[in-house]
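# Coordinates in review
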There are 2 protein chains.
Amino acid sequence: MSTQAQVAAIELFERHRPTLQRAVEAIGERGYWSPFPESLKQYPEASVQNAQAQFEALLGRHFELEGPDPLARVGRERSPYGLELGVSYDQYDADALMTRLQAALPAWRDAGPRARLGACMEILQRLNALSPTLAHAVMHTSGQAYMMAFQAGGPHAQDRALEVLAYAWQAMAAVPETASWIKPQGKQAPLLLNKRWHIVPRGLALVIGCSTFPTWNTYPGLFASLVSGNPVMVKAHPGAILPLAMSVKVAQQVLAELGFDPALVSLVVDTPEAPVSQRLALDARVKLVDFTGSSAFGNWLEANARQAQVFTEKAGINSVIIDSVRDFQAVARNLALSLSLYSGQMCTTPQAIYVPRGGIATADGHLSFAEVAQGLAGAIRDFLGDNERACAVLGAIQSNATAERIQACRRLGELLLDSEVREHPQFPGARVRTPLLLQVDASAREAYGEERFGPIAFVIATDDSAHSLQLAGELIAEKGALTLGVYSTDDKVLERAEALAQEVAVALSINLDGGVLVNQSAAFSDFHASGGNPAANASITDMAFVVRRFVVVQSRRHVAAWERADDLL
Amino acid sequence: MSTQAQVAAIELFERHRPTLQRAVEAIGERGYWSPFPESLKQYPEASVQNAQAQFEALLGRHFELEGPDPLARVGRERSPYGLELGVSYDQYDADALMTRLQAALPAWRDAGPRARLGACMEILQRLNALSPTLAHAVMHTSGQAYMMAFQAGGPHAQDRALEVLAYAWQAMAAVPETASWIKPQGKQAPLLLNKRWHIVPRGLALVIGCSTFPTWNTYPGLFASLVSGNPVMVKAHPGAILPLAMSVKVAQQVLAELGFDPALVSLVVDTPEAPVSQRLALDARVKLVDFTGSSAFGNWLEANARQAQVFTEKAGINSVIIDSVRDFQAVARNLALSLSLYSGQMCTTPQAIYVPRGGIATADGHLSFAEVAQGLAGAIRDFLGDNERACAVLGAIQSNATAERIQACRRLGELLLDSEVREHPQFPGARVRTPLLLQVDASAREAYGEERFGPIAFVIATDDSAHSLQLAGELIAEKGALTLGVYSTDDKVLERAEALAQEVAVALSINLDGGVLVNQSAAFSDFHASGGNPAANASITDMAFVVRRFVVVQSRRHVAAWERADDLL
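Quantities reported herein were computed from a predicted structural model and do not represent experimental measurements.

Among the eight residues of helix H6 (residues 146–153) of chain A, six are classified as buried, and the element is accordingly described as predominantly covered. In the core, the buried residues of H6 of chain A are packed alongside helix H3 (51–56), helix H5 (131–142) and helix H7 (155–173) of chain A.

With that settled, consider helix H9 (residues 242–258) of chain A. Taking 1.5 Å per residue as the helical rise, H9 of chain A with its 17 residues ought to reach 24 Å, and the 24 Å between its terminal C-alpha atoms agrees with that figure. Looking one or two residues past H9 of chain A, glycine 259 of chain A carries a phi angle of roughly 105°, positive in sign.

Attention shifts here to the sheet that holds strand E2 (residues 70–74) of chain B. All names here are of chain B. Judged by pairing direction, the sheet is mixed, and its three strands sit side by side in the order E1-E3-E2 without closing on themselves. Whereas interior strands pair on both sides, the edge strands pair on one side only; in this sheet they are strand E1 (62–63) and E2. Note: E2 against strand E3 (residues 88–92), four bridges, orientation antiparallel. Residue pairing in the sheet places arginine 73 in a bridge with aspartate 90 of E3.

On to the relation of the copies chain B and chain A, then. With an axial shift of 0.0 Å and an RMSD of 0.0 Å, the rotation relating chain B to chain A amounts to 180°. Put plainly, the chains are arranged around a two-fold axis. For chain B, the minimum C-alpha distance to the rotation axis belongs to alanine 544 of chain B and amounts to 3.2 Å.

Time to look at the domain arrangement of chain A. All names here are of chain A. When cut into domains, chain A gives domain 1 (61–314 + 542–553) and domain 2 (319–510). Each of domain 1 and domain 2 has a C-alpha centre, and these two points are 34 Å apart. Across the domain 1 to domain 2 interface the summed buried area is about 1,300 Å²; carbon plus sulfur atoms make up 66%. Its largest share of buried area at the contact with domain 2, domain 1 owes to Pro80, Tyr81 and Met148, together 37% of the area lost on that side. Viewed at the interface, domain 2 and domain 1 are joined by zero salt bridges. Run the count over domain 1 and domain 2 and you get five residue pairs in polar contact (both at pLDDT 80 or more). With four residues, the single largest contributor to the side of domain 1 that touches domain 2 is H5. Looking at the side of domain 1 that touches domain 2, its residues break down into seven nonpolar, nine polar and one charged.

Turning next to the interface of chain B and chain A. Accessible area lost upon the coming together of the parts serves often as the stated size of an interface. Opposite the 74 residues of chain B that make contact, chain A presents 74 residues. A combined buried area of about 5,900 Å² lies between chain B and chain A, and 53% of that area is made up of carbon and sulfur atoms. Among the residues of chain B in contact with chain A, Tyr32, Gln502 and Arg556 of chain B are the three that bury the most area, contributing 13% of the side total. Taken together, chain B and chain A are joined by 10 salt bridges. The partner of lysine 183 of chain B in a salt bridge is glutamate 38 of chain A, with the nearest N and O atoms 2.5 Å apart. Scanning the region where chain B abuts chain A turns up 40 residue pairs in polar contact (both at pLDDT 80 or more).

Residue and element names in this part refer to chain A. Relative to the elements of secondary structure, phenylalanine 150 occurs in helix H6. Taking the relative accessible area as the measure of exposure, phenylalanine 150 reaches 0% and is therefore buried. For the pair phenylalanine 150 and proline 132, spaced 18 residues apart in sequence, the C-alpha to C-alpha distance is 6.2 Å. What phenylalanine 150 contacts, discounting residues up to four positions off in sequence, is Pro37, Glu38, Ser39, Leu40, Tyr43, Ser131, Pro132, Ala135 and Pro155.

Looking now at the nonpolar core. If you look at the biggest cluster of nonpolar residues, it comprises 346 residues, and the most contacted ones within it are Phe223 and Ile322 of chain A together with Phe223 and Ile322 of chain B. Excluding residues that lie within four positions of it along the chain, isoleucine 322 of chain A makes contacts with Leu335, Ile353, Tyr354, Val355, Pro356, Ile360, Val372, Leu376, Ser465 and Tyr487 of chain A.

Next up on the list: the packing of aromatic side chains. Counting across every chain of the model gives 28 aromatic pairs over all chains. Ring geometry for tryptophan 181 of chain A and tyrosine 32 of chain B: centres 5.7 Å apart, planes at 80°, overall edge-to-face. Remark: tyrosine 32 of chain B occurs in the loop between helix H1 (4–29) and helix H2 (45–49) and tryptophan 181 of chain A occurs in strand E4 (residues 178–185); the pair is interchain, linking two chains. A relative accessible area of 32% places tyrosine 32 of chain B in the partly exposed class. Consider the rings of tyrosine 219 of chain A and phenylalanine 223 of chain A, whose centres lie 5.8 Å apart with planes at 80°: the pair is edge-to-face. Of this pair, tyrosine 219 of chain A and phenylalanine 223 of chain A are both found in helix H8 (residues 219–227), four residues apart, which corresponds to roughly one turn of the helix. The burial state of tyrosine 219 of chain A is the same as that of phenylalanine 223 of chain A; both residues are buried. Chaining the aromatic ring pairs together yields one cluster made of Phe213, Trp216 and Tyr342 of chain A. Note that arginine 549 of chain A overlies the ring of phenylalanine 545 of chain A, its terminal NZ or CZ placed 4.3 Å from the centroid. The ring of phenylalanine 311 of chain B carries arginine 549 of chain B above its face, with NZ or CZ at 4.0 Å from the centroid.

Conventions used here
- Residues numbered from 1 in each chain as written.
- Chains lettered and ligands numbered in written order.
- Predicted model: local features only at pLDDT ≥ 70, side-chain atom pairs only at ≥ 80, totals over all residues.
- Heavy atoms only, no water.
- Buried < 20%, exposed > 50% of the residue type's maximum accessible area, 1.4 Å probe, protein only.
- Helix = DSSP H or I, 4+ residues; strand = E, 2+ residues; numbered from the N terminus.
- Contact = heavy atoms within 4.5 Å.
- Expected span 1.5 Å × (residues − 1).
- Pairing = 2+ DSSP bridges.
- Least-squares fit on C-alpha atoms with pLDDT ≥ 70 in both.
- Domains from an automatic or database assignment.
- Buried area = accessible area lost by both parts, 1.4 Å probe.
- Salt bridge = Lys/Arg side-chain N within 4 Å of Asp/Glu carboxyl O.
- Polar contact = N/O pair within 3.5 Å; in protein donor to acceptor, adjacent residues only side chain to side chain.
- Nonpolar A, V, L, I, M, F, W, Y, C, P; charged D, E, K, R; others polar.
- Core = buried A, V, L, I, M, F, W, Y, C linked by side-chain atoms within 4.5 Å.
- Phe/Tyr/Trp six-rings, centres within 6.5 Å; stacked < 30°, edge-to-face > 60°.
- Lys NZ or Arg CZ within 6 Å of the ring centre and 35° of its normal.

Written out as structure tokens, the structure reads:
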């Protein structure tokens, strides 16, 4: 009963199988691995050279995608670098879209895991080829600098999608398609049942993207739901539609070429004035919701979208504890980059930096609290001294609200380093800001104990490192965090930190003073979010992120003695 | 940093490892397999002969378990076979108990997966040895006949626990304990991070048992939570405490022998007048809840125990569709046994039997609707003709409410077979009832479309088999079901049934007319519940049932160039 689409997709599966199998090994080993190069030099020269022109060719036009008859056109994206994108997108009637997706579901479900994996792997490979162009779209929506937009929005996002596919393949392949169940009955003929198992999708999936990492944060949910058989509505943030529209187009092309309904992956757009996420998330047909964004909306989804499995990544208060260091300059340089990279707009950027008010030990002697605080401020100042380099690291501030927040937070503590407005060398209209660094006492929890999204961080004076650990633990337990960095040369402190990390389920980074930042998480190795504290209700990605998206349905058929071939018994 | 308890438990892991590995193979192959014999003949003669005396030695006494200082003693179990058990159990202050469990958590967590598996496997093996005695406790609380109480309450329940442990071992072993992440940096020295991963339990677990299958329905949640590192409160149904008290005692003995706090598995008791489940389920420390029972309470848990992962098995309307058969007598005999076994008190027993009002085709010619309906009634009557055999299959009705329900339902349709009160040959006080079989029209959905727990079933006259499939599908989608049986000699009908099973996520059994019943599900092969319709929000057991009980917490430590051994690079 194979369909043509199924056969074609399974051919793709066989073609991509070696990569998929290597990815399965990678998630088991968790060393360094990636199939998608993060250097532009490893992409065809033409694709790199033409990237900007291809991006610009999309601007000021309507972006065509497959879907039901559109109701309206929307789209008012404005680049954080100043330009109006001028791209419009079709908006569909929600019911018409969901009716279409429900009609498309059975063929996608019945194609089976291998066919779906084949299609998803092909989509990924084409997304990878598109990375240089996609990077411009990510840059001019998120505000990331080009190189970061390329890496995080391209190969790193694709890595995460492949990681999801590896888990999904493992999970789906673990369920056999058929088996014979033969139970001995003493001298009687054994009981014989022929059994079948089907991977059955939950229903329709909704993936709600964010404005800062439109692809990186959307792909895991998108691919996890799609490969499990669920048609996916990709709801883009009104400020970052284009990267997802381009991604949806690639998926639709692959699906259409194979003979599936391209609308199995559909773009959903809205405006800040008339948002649609709430209505969609509560629809009885929607059984899966992925969301990255504010705690308020994430918590609302968890509380209200009860008909769905809801996966959220929300706000948190990422923390760094400085107890003692070998080389303070190296630590300060590392943290300066952590705080500057994409202007603190990563969900993993530290906000609370705990330092004993009596200062810290270093290999070069004692440093007072003021020396540590000033040293951090100085390191940021030095690092951002060259404006061109600064802009290539800071990127632009995605939203006005974040720029305004910097101003609003200036009075929350003593200024260690004020935020500056910078002029971008290529984009005079870019919204560029340097980090704001404030000094506060541990008692000022109302200042540092709320997420201050953007380039805003606090150096917090504590009684001692035990106090630092206690405060960080309490805050993470209450408000959540994706990352905790600890600097110590004392094994006892590190042991305590290791225990604390388990108590509040936060990823711990120890003594990062070289080329790795606490904000960075590597696919196939690092688990992004634990799913065990308020910053996220799921790990993105692990087995639990995938296996809840399908159920297994079985059938078993009695084989009577007269029906049996002799060789079976 | 190994503790003595950890070392001892890992020794047990090594001892039981072959069985565990065979179980891992079994869940991948899903053929017939069980390590726990279901024939009493395969248990030591003495343990079988002494079983009744050992059970009786427990009656009329206080049952001693480990826990905090008790507040009170409760327990008023009365056997459905008539006798008062007279056993009392300690009731603890909930806060004191949870404080004790929280204190016990870190050592259990830090012992690691292998140690926890070793302890759990040992508990299981000792439960298996106790099966003949445990069977009496299951019998005199659930009302199951002795052989069923032995099989379902002993080896089959242990099979399900082992299945959980196999999934847990697979899931936990898939996360490496450590890895080196080495990222090339061109001509520079590679980046090197040493990484560690910890399996971290969610918190405290609550497992709420039911009165009909106190061990079979409790063990999966108990072992899944425990092996993942979560201390477990086993809340017994007030009518079926003893089998769980005995099981908890075995767990406590193993834990104590190893040097862990035996209270890691604690019994919680209450009374119908002062139930404690709601309060416990809402406690912030409780992160996992397993429940088997009414839809009302299951839905309440799902809606309200928001701080926890909630796994429920609730009510449903199991259905049978008769389209056409080869041998109607064989089908009727099979269904007679399905409806009689444990007086229809299995969560998998059919309630709604759809038959075309124009009758069905058989290999021996056409049978009218009336012939089918009367044939089923006659088969039950014949099967239960011998009172001794009848009582050995029916067992006793667990609760008065179920006995009363039979009476209350008599007017819901035309009587095909009235329920009879029978006298049990050994237990004159036993509450024995034969099945009630009613005939209704498809339009009488208010009659057959609500769960009527107990020996109550409906033969429903439909327009044709397409109508039967449609009605069954609608009802299962709305009310849920664990099982759907279909009888047809027409491949088209069977294909449609196979599709329907996927649409409403119900386990399908085809043409069972021999020694396997639609109500029976075999561990390591059948998935019990799909988790995809209202009868259960989880499959018990699959990977998703296990992986949500722990999170993975990582730490990574930068290894500077000067710290590295040359052979690493």
